Each structure stands twice: as C-alpha cells, then as structure tokens.
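So the chains spell out like this:
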Amino acid sequence: MSLRIFNTLSRAVSDFSPVDPGHVRMYVCGMTVYDLCHLGHARSMIAFDVVQRWLKASGYRVTYVRNVTDIDDKIIKRALERGETIRHLTDRMIDALHQDADALGIERPQHEPRATDYVPQMLSMIGTLEQKGLAYRAANGDVNYSVRKFAGYGKLSGKSLDELNAGERVAVETDKHDPLDFVLWKRAKPTEPDDVQWASPFGTGRPGWHIECSAMACELLGQTFDIHGGGADLQFPHHENEIAQSEGANGQPLARFWMHNGFINVDNEKMSKSLGNFFTIRDVLKEFDAETVRFFIVRSHYRSSLNYSDVHLNDAKGALKRLYTALQAVPPANVKIDWTDPLAARFKSAMDEDFGTPEAVSVLFELASEVNRSGSAERAGLLKVLGGLLGLLQTDPTAYLQAGAGLDEAAIQAQILARADAKKSKNFAEADRIRKNLLAQGIVLKDAAAGTTWEAAP
C-alpha cells in the first residue's frame, strides 16, 4: 500500500507522491522564541519528527525545514521587560528549544531558518504583491494585504470571507481598507529598539508574522513543495494568509499537502500560553522521563486531541516499561526489517495510512508478547527496530528500567545479596522485610531462575 495522508486543504485522505520523485520537501511552522517551549510545542515537534522518520524509512530523501520566529511583538515586549537585546533573548530561547527537543529524541531539521535572516526575501515578496495590486500602503505607514482581491482566500479553513475574522495578532486598525486585511510590513514605532527596525522601500519597519514563513518556505523549498505542517491553531489565520501571500505572488500552489496536528488539552481546554494553562517541557521532564513523554504523545494519532494529566503520563510510563521489560529479558538480535512479516506488514500498513501510530504501537505490544512467550532474540530485534522508527526503545533496557531509583547500584546489590542470604537461612521474614524496604525506596525486585534483578518502581 502506498502512503496516504490526510490533506487539510482537500479534507480527505489522499495518495501521496512528491513533486520530485524520491524527494520530499516539508516545511513546518516552528516556535516564536520568547519563552520556554510547552508540551503543545512538543506535540507538534514529535508529530512531524515521526512523519519525517517514516518518510525516510519509506525510502524518500527528505528536506525538512522548521523555522524559528525571532521577531515578533511578544519577543520585543519580553526583551524590553528583561532589559536585554532581542538577539540575546532569542539566542537563549533557541538554545533551550534545542535542549528540550534533543531530550525528547526529536531529530533536528535540515534547515532551521531564523526570520531575521530572510528580511530581503520578505521585502521582495511584498514588492511583488504590491505590483500585482494585492498589497497597499496604509495611511499609518503599514503595508497590508488586500484579502478580498485574492480569489482563493478561505480555501484552507473552509470559511467564507464573511465568516472570517481579521488575520492579525493585534487589534484591527482603521487604516485598513477592510477588517480582514492583514499586515505585511509594520511601520517602526518610536518606542521600539533599533534592532527590530529595517530600512525598506516602504519605510523603516519590520515584517508581519505571516510573510515570514512565506518567504522562508519559498526560498528554501521552492514556490511549490510537498508538505506544509503545523499545529491546528495555525490553520487560520496563519496558514490561510501564507497561501494568500505565496500564491498571490507566485501564481502557483504553495504546498500540495497541508498537515495539522491536534491540540493537547487540560480540563478540555487547549493548552496554550495565552490561556495560562500550559506546562513547559522542562516542567514535565522534572516528573517524567523524556521517553515516557514521547510515548504518551506518539501512541495517540497526530490529528487527535490529547488530554494531559499525571494519570495519563503514569499509564504511558507503565506501558513503556512493559516493552522495555521484554527487551531486558531477551536481548535483541540485530535484524533487518522483513516487511512481509505479518506484524511488520501491519506496522507498515498503519503508518502508511496517515501515520497511524496508535495501531503501530499496538504492533509493538504484540511483538513484546511474542518475545515473552518465545524468548526469540529475532522477535526482540524486530521490536526494537520498529520502535526506533517512532523514536522509541533505543535505550539500554536495564538502564531505562533502573532510571530514577532512590538508591545507587552498590547499595541495591548489597540488599539483594542480604536478602538471598536470608532466604538461604530460611529467614523468610527478613527476606520479605528487605524486599518491602526496597519497594518503599522505589525499588522493585524481580526473582527469576537466572537470579534477582531490579527496576525502579512506576
């Protein structure tokens, strides 16, 4: 079966083939770096990390671009509040983003463009839009996009022009010809620092948010590319405006497939900084290991909503430990995937149907059950290599299962030996006391024919 992807633009699952045979070009909207990333950002980064991993596993060469918005109203406000330069703030936040993404096993994209490096391309596109009558200079000094002059506006969100709200991050200003028009170039304000001002044919100022991605995507991937992705909250207005800008300037489709990942919810509300109900990735990683967080996200379909709670994270932790326990019991052999194997074929079929990770994860558990029954190193090897396609199960099983223990290895082994001596002396009360004492310290003992092993308690 060939790869099929749900296309937000067509609202249907369709067969996928890239513009250039064998080469997939993908652009995903990244973070606005004024603060630490939250779990909603992790959801998007992991979703498209899995996408690019599966594309590569399917034999495609992938050019993956994920941008960084490093100029924005919120960035300016935060830098001024903290008394630091824009560059200092954004450098710090980009470093933090990389640390968090690396911890979650997210492979870095081939290109991670910063918006401030592409201002000339933005100005060129704005100039083209003005020449085509799609942009105009407002009385207040801004340059705006004339939405009603672009015939295709609304095709991504599926709304009529009358249903849509203004596509800006700031309040509608009276200098617009129409409330739906959005800013392409913002005039400089006297209160803004010099490092957020650029000279241009339209006057000193800075780019609007939406033009940034249009310019970077087209510069790095061409005027038409294969996949454009991002969170569902970006579908309107950001992605709708990208289409209007890029297709208005270039006269051809921007992306053939549009993909949007679902929200993470807390108490049935979308997790976001604007709502104040967000958890930073670093907050979550203080309580749960990074692979548990990744597994929690991967085992749900990327388009579905995902409810965050400690209960759900603990459930994910227990489930992941079951997979690692199978790999600990039977060291995996180095295997090459045979896609005709029934379970491997099911995994592939699931991933080929719009990256169906829930079914793919269920295959991992079936393999783990086979490993536990058969003791087959080859089946354990298949479990590990298929897990790797989702960014899972690549840690040493014993190291993973013992991580987070309250005692060091030497102290635990001393207690295990003392318990063994007590059992030899038929002092079962003492042996049971040692087991319970270790459990109280977060250590679970496991007795087997080969001896006693341990792991950290859930």
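Our subject in this report is the structure included herewith. (Residues numbered from 1 in each chain as written. Predicted model: local features only at pLDDT ≥ 70, side-chain atom pairs only at ≥ 80, totals over all residues. Heavy atoms only, no water.)

Looking at the environment of leucine 438
- If you trace the backbone, leucine 438 turns up in helix α15 (residues 428–440).
- Note: C-alpha distance between leucine 438 and glutamine 415 (23 residues apart in sequence) is 8.1 Å. (Helix = DSSP H or I, 4+ residues; strand = E, 2+ residues; numbered from the N terminus.)

Some remarks on the sheet that holds strand β8 (residues 205–207)
- Read from one edge to the other, the open sheet built from four strands follows the order β5-β6-β7-β8, with strand pairing classed as antiparallel. Strands with a single pairing partner mark the edges of an open sheet, and in this sheet they are β5 (135–137) and β8. Taken over all neighbouring pairs, the strand axes of this sheet differ in orientation by 20° on average, direction set aside.
- Note that strand β6 (residues 143–145) and strand β7 (residues 182–187) share three bridges and pair antiparallel. Looking across to β7, one finds that valine 143 is bridged to tryptophan 185.
- Sheet strands touched by helix α4 (residues 119–131): β5, β6, β7 and β8. Its angle to β7, the strand with the most contacts, is close to 120°. (Pairing = 2+ DSSP bridges. Axes fitted to C-alpha atoms, helices over the stretch in contact; angles between N-to-C directions. Contact = heavy atoms within 4.5 Å.)

Notes on unusual backbone geometry
- Looking along the chain, the bond that leaves phenylalanine 236 and enters proline 237 is cis, with omega of 5°.
- Here proline 237 is to be found in helix α6 (residues 235–250).
- A positive phi is found at arginine 11, a non-glycine position, where the angle reads about 60°.
- Relative to the helices and strands, arginine 11 is located in the loop between β1 (4–7) and β2 (12–15).
- A positive phi angle, close to 60°, is found at lysine 426, a residue other than glycine.
- Structurally, the position occupied by lysine 426 is in the loop between α14 (409–424) and α15.

Details of the packing of helix α5 (residues 209–221) against α6
- Here α5 crosses α6 at 55°, and the two axes come no closer than 9 Å. The angle between α5 and α6 falls in the class oblique. Here α5 runs over α6; the crossing is right-handed. The segment α5 lies against α6, with Trp209, His210, Ile211, Cys213, Ser214 and Cys218 engaging Pro237, His238, Asn241, Glu242, Gln245, Ser246 and Asn250. (Parallel < 35°, antiparallel > 145°, perpendicular 65-115°, else oblique. Left-handed = near helix turned anticlockwise from the far one by under 90°.)

A word on the sheet that holds strand β10 (residues 255–261)
- Ordered by their spatial adjacency, four strands build an open sheet running β4-β3-β9-β10, and the pairing between neighbours is parallel. Of all strands in the sheet, those bounded by a partner on one side alone are β4 (61–66) and β10. Averaged over all adjacent pairs, the angle separating strand axes in this sheet is 20°, with direction ignored.
- The sheet contact formed by strand β3 (residues 23–28) and strand β9 (residues 225–231) spans three bridges and is parallel. If you follow methionine 26 over to β9, its bridge partner there is isoleucine 227.
- The strands touched by α6 within the sheet are β9 and β10, with β9 carrying the most contacts at an inclination of about 155°.

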